[in-house]
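Spelled out from the first residue to the last, the chains are:
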Amino acid sequence: MAEGKIVRIRVRMGTNTYVGDLFIPAMRNRASDVFNDEQRLFISLTNVLINDKERAEFISLNKTLIESLTEI
């Protein structure tokens, strides 16, 4: 298993809100470090709740469409 930590985040994209677990590798400290990584075009979430209704095991979100990202 990869070293790092998992944090719960809320992501807003247009009219949708995603709440899920984001893996932060050991060389990073915060969700913003993962978000600002220029080599990645997407962020991946697990155990996702979409718009407080629908559940998904995994989702990958295009970073250019994200309006806000908050650790919760």
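This text gives an overview of the structure that appears in the document. Everything quoted here is computed from the prediction, not taken from an experiment.

### Points about the side chain of K63
Point 1. The topology assignment puts K63 in the loop between β4 (54-62) and β5 (68-71).
Point 2. The side chain of K63 sits in the buried core without any salt bridge; D37 is the nearest counter-charge, 5.9 Å away.
Point 3. Excluding its chain neighbours within four sequence positions, the residues that come into contact with K63 are V34, F35, N36, D37, R40, L41, F42 and I43.

### Side note on the sheet that holds strand β1 (residues 4-13)
One key point about sheets: their strands pair by backbone hydrogen bonds, in either a parallel or an antiparallel sense.
Point 1. Spatially, the 5 strands line up as an open sheet ordered β4-β3-β2-β1-β5, and their pairing is antiparallel. Bordering the open sheet on either side are β4 and β5, each of which pairs with just one other strand. Direction aside, the axes of adjacent strands within the sheet are offset by 35° on average.
Point 2. Examined bridge by bridge, β1 and strand β2 (residues 16-25) share 10 bridges and lie antiparallel to one another. Along β2, the bridge assignment pairs G4 with P25.

Reading the values: the criteria
- Residues numbered from 1 in each chain as written.
- Predicted model: local features only at pLDDT ≥ 70, side-chain atom pairs only at ≥ 80, totals over all residues.
- Heavy atoms only, no water.
- Helix = DSSP H or I, 4+ residues; strand = E, 2+ residues; numbered from the N terminus.
- Buried < 20%, exposed > 50% of the residue type's maximum accessible area, 1.4 Å probe, protein only.
- Lys, Arg positive; Asp, Glu negative; His and termini not counted.
- Salt bridge = Lys/Arg side-chain N within 4 Å of Asp/Glu carboxyl O.
- Contact = heavy atoms within 4.5 Å.
- Pairing = 2+ DSSP bridges.
- Axes fitted to C-alpha atoms, helices over the stretch in contact; angles between N-to-C directions.

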